[in-house]
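These are the residues of each chain, in order.
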Amino acid sequence: MIGKHVRRSAGGGGLFRRASVVLAAAGAVLGLAMAPAGAAGGWVAGGWVAVPDPDSSRWFDAFLTADDGTVIGRGGFSPGEGDGEVASFWVREGSAWKLLPKSEATPYTDTFGSGVWSATSAKDFWVVGGISAKPAIVSHWNGSAWQDRSPADQTVHFDDVEAVSAGDVWAVGTTQWKTTTPTQAAVIGHWEGGSWKITKLPQAVGGRTRLFDVQVNSAADVWASGESCTDQESRNCRGYVVRWNGASWTEVPVPAGITRVSAMTADAAGQVWVAHKNTVLRWNGSGWSTGADVVGVGSDGVNEFAWADGKLYAGLDLSSSSRHSGIVRWNGTSWESLARPIDNPDYSINQITSLAGRTDGELWAAGSYNLLWSNPPFAARLPAGAAG
């Protein structure tokens, strides 16, 4: 599957604060570890291997994989604690990480988004961001330098991107809301090697329609999903899915009760899966088949899908009291839980905000866990074959 990662709003942002100095002092008094066991890179629970921080000032808060085996990590930091901080991106070369130069699309301060990204290889890597003065910034890493691929229409804001190749990229989002603009239109962008073709989908006056995910199966089979609301406050919404057949976009109605599609993916055969909270639906070619819901694990919903060795995984948003791993795998009839990537029983995982798999079965995960009144981040990988 093409590598892609997008922040999931179900769990907030993709950045987490490190435990503060005060919290560190409290931890010393109480005898609490200030990081998950194995944070130096050793083995943790269930075969998971903790991923060390890329440097002394950052930690990995998200991962991305590509078909050629490339693994890309995003370096996080505590927002508001640095002047002019930007996101950092690292490409894994063997067991080492190579830091990429900064790009225009990666600021976290004064930004509309902390980075949406996709890659087909280490030489075809796309990052979407934005600042107030320029809301739609798209940067492309070609293996040696960043190239500006921002759309000319700066009224748009992209919330997801999927690269098929350096000359074939799809992105979805919405027009920026302004007090003089009564509606927000769903936006679909297609990069065809020279410029972006922007399509704004029709909607009801006074409402807002937003797209959060794009899934490209072929040039004549592209899906996008999100929500369509009758007001600006997102109080009266329904799940919204549209499909491109190579000539036009048409809506694919979702079952009643689906108020928002929070995650979407497709298998190698192009079969599309979508999630709304704990409900997972699968497109069978003519309608939606209701698969087994993710229930009974303290889950508040699916944040992200990932594929590893042809198997479908889901990263979850969890309730504060859950002792679940936050990661489940579809076995063909139901969702089965994976081992927790943190082995201390005093820690409960809040959410899995990033989940990325490789064709060899290796799985990469990042998220946050509960520690007193702080929610520190963690990052871990499950080697190929360790999940069974």
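Remember, it's a predicted structure, so these values are computed and weren't measured experimentally. Sequence order as written defines residue numbering, which begins from 1 separately in each chain. Local features in this predicted model are restricted to residues whose pLDDT is 70 or higher, and side-chain atom pairs enter the listing and the counts only when it is 80 or higher, whereas totals over whole chains, interfaces and linings include all residues. Remark: hydrogens and water are excluded; side-chain values derive from all non-hydrogen atoms of the structure.

Some words on the nonpolar core
To define a nonpolar core, start from buried Ala, Val, Leu, Ile, Met, Phe, Trp, Tyr and Cys residues and group those joined through side-chain atoms within 4.5 Å. Relative accessibility thresholds used throughout: buried, under 20% of the residue-type maximum; exposed, over 50%; partly exposed, between the two (1.4 Å probe, protein chains only). Counting residues in hydrophobic clusters, the biggest one holds 34 residues, and the most contacted among them are V302, F305, I327, W335 and L363. The helix and strand labels rest on DSSP assignments: H or I over at least four residues marks a helix, E over at least two residues marks a strand, and numbering proceeds from the N terminus. For this core, the secondary-structure elements that each account for two or more residues are β20 (272–276), β23 (299–308), β24 (311–318), β25 (327–330), β27 (349–357), β28 (363–369) and β29 (377–382). The contact criterion used throughout is that any non-hydrogen atoms of two residues lie within 4.5 Å. Excluding residues that lie within four positions of it along the chain, V302 makes contacts with S262, A263, A275, K277, V280, V294, A314, G315 and L316.

Here's the deal with the pattern of salt bridges
One speaks of a salt bridge when a side-chain nitrogen belonging to Lys or Arg is within 4 Å of a carboxyl oxygen belonging to Asp or Glu. All chains considered together, the criterion is met by nine salt bridges. Note that R329 and E336 form a salt bridge whose closest N and O atoms lie 2.9 Å from each other. Residue R381 pairs with E362 through a salt bridge whose shortest N-O separation is 3.0 Å. With R381 in strand β29 and E362 in the loop between β27 and β28, this residue pair connects regions lying 19 residues apart in the sequence. Across the pair, E362 and R381 agree in class, each one buried. Counted as one network, the salt bridges with shared partners bring together R358, D360, E362 and R381.

Re the packing of aromatic side chains
Side-chain rings of Phe, Tyr and Trp, where Trp is taken by its six-membered ring, are said to pair if the distance between their centres is within 6.5 Å; with planes under 30 degrees apart they count as stacked, over 60 as edge-to-face, and otherwise as tilted. Applying the stated criterion across every chain yields a total of 23 aromatic pairs. Here W223 and W283 contribute two aromatic rings whose centre-to-centre distance is 5.7 Å and whose plane-to-plane angle is 65°, an arrangement assigned as edge-to-face. Taken together, the positions of W223 in strand β16 (residues 221–229) and W283 in strand β21 (residues 279–283) put the pair 60 residues apart, joining distant regions of the chain. Its relative accessible area of 13% is what places W283 among the buried residues. An aromatic cluster of three or more residues is present, and its members are F60, F63, W90, W97 and W364.

Quick word on unusual backbone geometry
Unlike most non-glycine residues, K277 shows phi in positive territory, near 55°. Relative to the assigned elements, K277 resides in the loop between β20 and β21. A relative accessible area of 54% places K277 in the exposed class. Within the chain, D309 stands out as a residue other than glycine whose phi angle is a positive 55°. Structurally, the position occupied by D309 is in the loop between β23 and β24. The class of D309 is partly exposed, set by a relative accessible area of 46%.

Points about the environment of G206
Mapped onto the elements of the fold, G206 is located in the loop between β14 (196–200) and β15 (208–218). The sequence separation of G206 and T230 amounts to 24 residues, and the corresponding C-alpha distance is 6.7 Å.

A look at the state of the cysteines
We call a pair of cysteine sulfur atoms a disulfide whenever their separation is within 2.5 Å. Enumeration according to the criterion identifies one disulfide in this entry. Across a sulfur-sulfur distance of 2.0 Å, C229 and C237 are joined as a disulfide pair. Handedness of the C229-C237 disulfide follows from its S-S torsion of about 100°: it is right-handed. An identical accessibility class is assigned to C229 and C237; each is buried.

With respect to the pairing of β27
Of all nine residues in β27, nine are buried, a share of seventy percent or more. Any two strands between which DSSP finds at least two bridges are classified as paired. Between β27 and β28, which pair antiparallel and follow one another directly, the connecting turn spans five residues, one of which, G361, has a positive phi of 100°.

Describing the confidence of the model for the protein
Each residue carries a pLDDT score, the predictor's own confidence in it, on a scale running from 0 to 100. For the protein, the average pLDDT comes to 81, and 79% of its residues sit at 70 or higher. Segment residues 80–84: pLDDT under 50, and three contacts once partners within four positions in sequence are set aside and those in other chains are kept. Counting interchain partners and residues more than four positions distant, the pLDDT-below-50 stretch residues 108–113 has 28 contacts.

Structural notes on the side chain of H157
Relative to the helices and strands, H157 is located in strand β11 (residues 156–165). By the criterion applied in these results, polar contacts are pairs of N or O atoms within 3.5 Å in which, for protein atoms, one can donate a hydrogen and the other can accept it, and in which residues neighboring in sequence qualify only through two side-chain atoms. A distance of 3.3 Å separates polar atoms of two side chains, one belonging to H157 and the other to D159.

Comments concerning the sheet that holds β21
In space, the four strands of this open sheet follow the order β19-β20-β21-β22, with antiparallel pairing throughout. Of all strands in the sheet, those with a lone pairing partner are β19 (263–266) and β22 (288–290), marking the two edges. Along the sheet, successive strands turn relative to each other by an average axial angle of 25°, direction set aside. One ladder, built from four bridges, connects β19 with β20; its direction is antiparallel. Across the sheet, M264 pairs through a bridge with V274, a residue of β20. Axes, fitted as lines to C-alpha atoms, cover a helix only where it is in contact. Angles between the N-to-C directions of the axes lie from 0 to 180 degrees.

Quick look at the sheet that holds strand β18 (residues 249–251)
Spatially, the four strands line up as an open sheet ordered β15-β16-β17-β18, and their pairing is antiparallel. The open sheet has two edge strands with one neighbour each: β15 and β18. Direction aside, the axes of adjacent strands within the sheet are offset by 25° on average. Bridge count between strand β17 (residues 237–244) and β18: three bridges; the pairing is antiparallel. In the sheet register, W244 faces β18, and the bridge partner there is W249.

Re the environment of N236
Turning to its location among the elements, N236 is positioned in the loop between β16 and β17. C-alpha separation for the pair N236 and T259, spaced 23 residues apart in sequence, amounts to 8.2 Å.

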